[in-house]
Amino acid sequence: MTQLALFDLDHTLLPCDSDYEWGQFLARIGVVDGQYYAEQNEQFYQDYKEGKLDIDRFLRFALKPLAEHSRAQLKEWHDAFMDEVITGKLRRAAVDLVKRHQDAGDICCVVTATNSFVTRPIVERFGIKHLVATEPATAGNQADAGFTGEVFGIPSFREGKILKVNEWLESQQLSLDQIKKSYFYSDSINDLPLLEKVTHPVATNPDERLRQEANKRNWPILDLFAEQ
């Protein structure tokens, strides 16, 4: 019997926000105007945590640096980002959670609002093959085609996560209705729409609003990093 394990990434499998950290990294190495970018990044991050993020405005901001540099240069910076920022934030508890589902034969997929350029190498570190993310548009179909700064398709955010998960499952000849046991691990009230769609929602390191919602609905709460 096919079982499905979906994982949010930021503050769920990671004890940080990879999108925010990438922006801070670009500011530190001088790729973007440090003060302006840091201030805008912080405001968007606060809006996200409060459940009032304007996703289209944020994505125009977040994807702009990708459009201004070559894929080769971006990869060089991202490799450094992985070494300097992300590797030290990988936690055994999160790796073990994923491994338990993998060992059970579950289909594992990360479902994140953060764009795939930032997140795919992180997801690969967890040994997860499938990623549903916001997709940056490119100027062509070649592997090295530059980014345009726009979004391809719909953002993987709030109800958009449901649409993109359904599209991905369809590509696997599956649907949520066919899967008798489906999990979704998330920290954020922004993910309530998808949490309501799975059979086993798990509030993971939840923000205060999601913690209250989980308690009200008797959903399990997993504080993954509580002792780390």
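The sections below set out a description of the structure shown in this document.

What counts, and at which threshold
Residues numbered from 1 in each chain as written. Predicted model: local features only at pLDDT ≥ 70, side-chain atom pairs only at ≥ 80, totals over all residues. Heavy atoms only, no water. Salt bridge = Lys/Arg side-chain N within 4 Å of Asp/Glu carboxyl O. Helix = DSSP H or I, 4+ residues; strand = E, 2+ residues; numbered from the N terminus. Buried < 20%, exposed > 50% of the residue type's maximum accessible area, 1.4 Å probe, protein only. Contact = heavy atoms within 4.5 Å. Core = buried A, V, L, I, M, F, W, Y, C linked by side-chain atoms within 4.5 Å. Arc of directions from axis to C-beta. Polar contact = N/O pair within 3.5 Å; in protein donor to acceptor, adjacent residues only side chain to side chain. Pairing = 2+ DSSP bridges. Phe/Tyr/Trp six-rings, centres within 6.5 Å; stacked < 30°, edge-to-face > 60°.

1. So, the pattern of salt bridges
Argument step 1. Summed over all chains, the structure comprises 11 salt bridges.
Argument step 2. Residues Asp223 and Arg211 are paired through a salt bridge, measuring 2.8 Å at the closest nitrogen-oxygen approach. Remark: Arg211 occurs in helix H9 (residues 208-217) and Asp223 occurs in the segment after strand E7 (221-222); sequence separation between them is 12 residues.
Argument step 3. Judged by relative accessible area, which is 36%, Asp223 ranks as partly exposed.
Argument step 4. Arg211 sits in the partly exposed class, given a relative accessible area of 24%.

2. Section: the side chain of Asp191
Argument step 1. If you trace the backbone, Asp191 turns up in the loop between strand E5 (181-186) and helix H8 (192-195).
Argument step 2. Not counting residues up to four positions away in its chain, the partners in contact with Asp191 are Asp8, Lys161, Phe184 and Ser186.

3. Comments concerning the nonpolar core
Argument step 1. Counting residues in each nonpolar core, the largest one holds 51 residues, and the members touching the most others are Phe7, Leu13, Trp22, Phe58, Val110, Phe126 and Ile128.
Argument step 2. For this core, the leading source of residues is helix H3 (residues 55-67), giving seven residues.
Argument step 3. With residues near it in sequence (within four places) discarded, Phe7 still touches Leu13, Leu97, Val98, His101, Cys108, Cys109, Val110, Val111, Ile128, Phe184 and Tyr185.

4. So, helix H4 (residues 71-86)
Argument step 1. Considered for burial, the residues of H4 that qualify are Leu74, Trp77, His78, Phe81, Met82, Val85 and Ile86. Axial view of H4: buried residues confined to an arc of 150°, hence all on one face. Facing away from the buried side of H4 by over 90 degrees, the exposed positions are Ala72, Glu76, Asp83 and Glu84.
Argument step 2. Turning to H4, the residues buried within the fold contact helix H1 (18-28), H3, helix H6 (116-125) and strand E4 (147-152).

5. Remarks on H1
Argument step 1. Taking burial as the measure, the 11 residues of H1 include 10 buried ones, the bulk of the element.
Argument step 2. Burial in H1 covers these residues: Ser18, Asp19, Tyr20, Glu21, Trp22, Gly23, Gln24, Phe25, Leu26 and Ala27.
Argument step 3. Looking at the buried positions of H1, the neighbouring elements they touch are helix H2 (34-49), H3, H4, strand E2 (107-115) and H6.
Argument step 4. Residue Asp17 occupies the N-cap position of H1, its side-chain oxygen lying 3.0 Å from the main-chain nitrogen of Asp19.
Argument step 5. Just downstream of H1, Gly30 is the residue with a positive phi angle, here 85°.

6. Re the side chain of Thr134
Argument step 1. One can find Thr134 in strand E3 (residues 130-138).
Argument step 2. Among the polar contacts listed, one links the side chain of Thr134 to the backbone nitrogen of Ser156, at a separation of 3.0 Å.
Argument step 3. If sequence neighbours within four positions are ignored, Thr134 has contacts with Leu59, Thr112, Ala113, Thr114, Asn115, Ser116, Val151, Pro155 and Ser156.

7. Notes on the environment of Phe117
Argument step 1. The residue Phe117 is located in helix H6 in this model.
Argument step 2. Filtering out sequence-adjacent residues up to four positions away, Phe117 remains in contact with Trp22, Leu66, Leu74, Lys75, His78, Pro136 and Phe147.

8. Focus on unusual backbone geometry
Argument step 1. At Gln173, a residue that is not glycine, the phi angle is positive and equals roughly 55°.
Argument step 2. For Gln173, the location among the structural elements is in the loop between helix H7 (159-171) and E5.
Argument step 3. The exposure class of Gln173 is exposed, given its relative accessible area of 64%.
Argument step 4. You will see that Asn218, though not glycine, has its phi angle at about 60°, which is positive.
Argument step 5. Looking at the secondary structure, you find Asn218 in the loop between H9 and E7.

9. Regarding the pairing of strand E1 (residues 3-7)
Argument step 1. Within E1, five of the five residues are buried, which leaves the element mostly enclosed by the surrounding structure.
Argument step 2. The pairing of E1 with E5 spans five bridges and is classified as parallel. Bridge pairing in E5 places Phe7 opposite Tyr185.
Argument step 3. Here four bridges tie E1 to E2, and the two strands are oriented parallel to one another. The residue bridging Leu6 from the neighbouring strand is Cys109, located in E2.

10. Side note on the packing of aromatic side chains
Argument step 1. This structure, assessed with the given rule, holds 13 aromatic pairs.
Argument step 2. Judged by centre distance (6.0 Å) and plane angle (20°), the rings of Trp22 and Phe25 are stacked. Remark: Phe25 and Trp22 occur in helix H1; sequence separation between them is three residues, near one turn of the helix.
Argument step 3. Plain terms: the ring middles of Tyr37 and Phe61 are 4.3 Å apart, the flat faces sit at 25° to each other, and that makes the pair stacked. Of this pair, Tyr37 sits in helix H2 while Phe61 sits in helix H3, placing them 24 residues apart in sequence. Comparing Tyr37 with Phe61 shows no difference in burial state: the two are buried.
Argument step 4. Members of the aromatic cluster, connected to one another through ring pairs, are Trp22, Phe25, Phe81, Phe117 and Phe147.

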